[in-house]
Amino acid sequence: MRFFETLFLDEVSNLFSKLDFKTVRKILYNIDLAEQTNDPRLFKKLNSDIWEFRTKYNGNQYRLLAFWDKTSEIRTLVIATHGFMKKVDKIPNKEIEKAINLRNKYFNNNPQIK
């Protein structure tokens, strides 16, 4: 059973194109697990609107920031906005602001959302 389905904005694809295949595979594996479980080690709430997919691989920490889209009656979506390699313990505010801006743009530009 999947609790949600993940969709990726273009910036996530851009990040994936810069990473090696095994790293991308590990990130996608963790996202798949997060869709099926309720594990904060994989998917964690950062604030009221923004969540993070978490992956640690080869000593590096990768984060994809995301938000929920529950406007469909058919499926629950999580939209991954962008990603980065985390170098400090705290998520930089500029990354959270970027995710919020992409979330606002998503909801303002989607004609299916009222």
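Scroll up for the structure.
Residues numbered from 1 in each chain as written. Predicted model: local features only at pLDDT ≥ 70, side-chain atom pairs only at ≥ 80, totals over all residues. Heavy atoms only, no water.

If you walk across this open sheet you meet the five strands as β1-β5-β4-β3-β2, and the pairing is mixed. The open sheet is flanked by β1 (5-8) and β2 (43-45), the only strands paired with a single partner. Taken over all neighbouring pairs, the strand axes of this sheet differ in orientation by 35 degrees on average, direction set aside. One ladder, built from seven bridges, connects strand β3 (residues 51-57) with strand β4 (residues 60-69); its direction is antiparallel. Across the sheet, the residue bridging to Arg 54 is Arg 63, located in β4. Helix-sheet contacts for helix α2 (residues 21-36) involve β1, β2, β3 and β4, and the interaxial angle to β3 is about 135 degrees. (Pairing = 2+ DSSP bridges. Helix = DSSP H or I, 4+ residues; strand = E, 2+ residues; numbered from the N terminus. Axes fitted to C-alpha atoms, helices over the stretch in contact; angles between N-to-C directions. Contact = heavy atoms within 4.5 Å.)

To continue, consider the nonpolar core. Among soluble globular proteins, nonpolar side chains are generally buried collectively. Phe 16, Leu 19, Ile 27, Phe 43, Phe 53 and Leu 64 are the most contacted members of the largest nonpolar core, which has 17 residues in total. Of all the secondary structure elements, the ones that give two or more residues to this core are α1 (10-18), α2, β4 and β5 (77-86). It is α2 that contributes the most residues to this core, four residues altogether. Leu 19 has contacts with Val 24, Ile 27 and Tyr 62, leaving out every residue within four places of it along the chain. Among the nonpolar cores identified, the runner-up in size contains eleven residues, and Phe 67, Phe 84, Ile 96 and Ala 99 belong to it. (Core = buried A, V, L, I, M, F, W, Y, C linked by side-chain atoms within 4.5 Å. Buried < 20%, exposed > 50% of the residue type's maximum accessible area, 1.4 Å probe, protein only.)

Bringing the pairing of β5 into the picture now. Two faces make up the sheet, and in a regular strand the side chains alternate between them. Most of β5 sits out of view: nine of its ten residues are buried. In the sheet, β1 pairs with β5 via four bridges, with the strands oriented parallel. Bridged to Leu 7 within β5 is Ile 79.

Right, let's talk about helix α3 (residues 93-109) for a bit. Here α3 spans 24 Å end to end across 17 residues, near enough to the 24 Å set by a 1.5 Å rise per residue. Burial in α3 covers these residues: Glu 95, Ile 96, Ala 99, Leu 102, Arg 103, Tyr 106 and Phe 107. Buried residues along α3 cover an arc of 130 degrees about the axis, so they all sit on one side. Exposed side chains of α3 directed beyond 90 degrees from the buried face belong to Asn 93, Lys 94, Lys 105, Asn 108 and Asn 109. (Expected span 1.5 Å × (residues − 1). Arc of directions from axis to C-beta.)

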